[in-house]
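Spelled out from the first residue to the last, the chains are:
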Amino acid sequence: MNLYLRARSGYSLEVDGKFCGNYAGDIKLAQLGTPALIEMIPHSAGKSISFLANGELKNRDDIKVYALKDGFFVSANFSVCGKKGFRVLYQKRFGKVLCTVYRDGETRVVAETEKTAEVCVCPDGADKFEARFDGKILFVYSVGAPSFVCAFSTENGLKKVMERIFDKIEFTPALRTETALCDIENTVIELEWKFYGGKMSAEEKGFKRAEFDDRIKSDFFTERIFFERIFNGLSVDDLLTENMKSKQKYLRDFLGNFVFILPCYCSMEGVCLAYPEKDYYAVKVFSASLKNGLIDNIKEV
């Protein structure tokens with residue numbers, strides 16, 4: 001069995017109690033005996049992650065499991081204990097709504113009225129917060145980049161309508177955001193948000209992409225970009241032949257509800273797409289056929 005590991009920060013790896021080295025990012029353990037006890041010990045503050053690598057790996061709070069043809073891809077998330085002690089970071093009243101941001105192990109945003117309350121849990125690291133109220137929506141956000149934003153509607157009672165992280169925000173007075181996607185093209189999407197039909201809706205205002213030298217482009221490069229754009233809901237019109245353009249609106253339905261694209265080293269046959277199951281993520285491999293540098297067909301491998 002092959003085991004692929006991913007972690008966002010550095011860690012020491014032990015297999016069956018034997019030290020294997022210090023790593024960061026992605027690694028591959030080839031031809032691993034089963035079952036094998038895996039332990040990942042973070043270099044920074046956090047809890048160690050251990051699991052038994054066998055045919056029954058399942059999702060947990062600290063690992064996400066993707067079933068491959070030759071093994072598993074495991075994405076680890078080291079949890080960090082929050083700062084201890086109760087502390088109010090921000091508090092202000094907007095009409096009938098009291099907004100409070102406090103830390104007590106973890107950071108929480110609470111919007112409350114006499115009748116109800118809504119809560120958002122903030123990511124670690126945010127210390128300074130501000131809020132603004134436009135008469136219908138109360139925005140509470142962390143200062144700096146990236147910025148955590150939560151929004152509460154005050155129409156027909158108090159209701160949480162947004163809880164997201166953006167790389168950059170501004171109010172014009174509408175909320176405008178920039179989000180950098182983790183894709184080959186280094187895409188940055190610019191959106192403007194409005195409250196409509198009981199929820200926050202986004203309108204695309206533009207996007208930026210990196211420019212690439214034609215010499216580094218290849219069929220694999222185009223294939224990967226295609227699946228990343230489909231995943232992110234972006235246009236693939238410039239990547240398709242005329243034959244495929246007529247089928248463009250059916251592409252997402254054909255590929256299904258995949259929620260993640262695995263690293264390219266997980267398959268030499270095509271691109272690995274992950275689909276949620278009850279206790280893990282099933283993986284399907286798709287490949288694209290190209291004609292004159294454009295995608296002319298897609299099939300499951």
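Residues numbered from 1 in each chain as written. Predicted model: local features only at pLDDT ≥ 70, side-chain atom pairs only at ≥ 80, totals over all residues. Heavy atoms only, no water.

Caption draft 1: Region of the structure containing the sheet that holds strand β8 (residues 97–104). Read across the sheet, four strands follow the order β7-β8-β9-β10 without closing on themselves; strand pairing throughout is antiparallel. Strand pairing shows two members of the sheet lacking a second neighbour, β7 (87–94) and β10 (117–121), which therefore form its edges. When strand polarity is set aside, the average angle formed by the axes of neighbouring strands in this sheet is 15 degrees. Relative to β8, β7 runs antiparallel, the two being bridged by seven bridges. Across the sheet, the residue bridging to Arg 87 is Arg 103, located in β8. (Pairing = 2+ DSSP bridges. Helix = DSSP H or I, 4+ residues; strand = E, 2+ residues; numbered from the N terminus. Axes fitted to C-alpha atoms, helices over the stretch in contact; angles between N-to-C directions.)

Caption draft 2: View of the pairing of β10. As judged from the five bridges shared by strand β9 (residues 106–112) and β10, these two strands associate in the antiparallel manner. Within β10, the residue paired with Arg 108 across the bridge is Val 121. In textbook terms, the turn of a hairpin is the stretch between consecutive antiparallel strands, and for β9 and β10 this stretch comprises four residues.

Caption draft 3: Highlighting the sheet that holds strand β18 (residues 199–208). Taken in spatial order, the four strands line up as β15-β16-β17-β18 in an open sheet, and their pairing is antiparallel. What marks the edges here is a single partner per strand, and that holds for β15 (168–171) and β18. Strand after strand, the sheet turns through a mean of 25 degrees between neighbouring axes, direction not considered. Of the pairings in the sheet, the one linking strand β17 (residues 188–196) to β18 comprises nine bridges and is antiparallel in character. By the bridge assignment for β18, Lys 194 is matched with Ser 201.

Caption draft 4: Molecular detail of the packing of aromatic side chains. Inspection of the entire model under this criterion finds 15 aromatic pairs. For the ring pair Tyr 66 and Tyr 281, a centre distance of 4.7 Å and an interplane angle of 20 degrees mean the geometry is stacked. Placement of the pair is Tyr 66 in strand β5 (residues 63–67) and Tyr 281 in strand β21 (residues 281–291), with a sequence separation of 215 residues. Accessibility classification places Tyr 66 together with Tyr 281 in one group, the buried group. Each ring, one from Tyr 141 and one from Phe 171, has its centre 5.3 Å from the other, and the planes form 45 degrees; the classification is tilted. Taken together, the positions of Tyr 141 in strand β12 (residues 137–142) and Phe 171 in strand β15 put the pair 30 residues apart, joining distant regions of the chain. For the pair Tyr 141 and Phe 171, one class covers both residues: buried. (Phe/Tyr/Trp six-rings, centres within 6.5 Å; stacked < 30°, edge-to-face > 60°. Buried < 20%, exposed > 50% of the residue type's maximum accessible area, 1.4 Å probe, protein only.)

Honestly, that's just the spatial picture; any functional story needs more than this.
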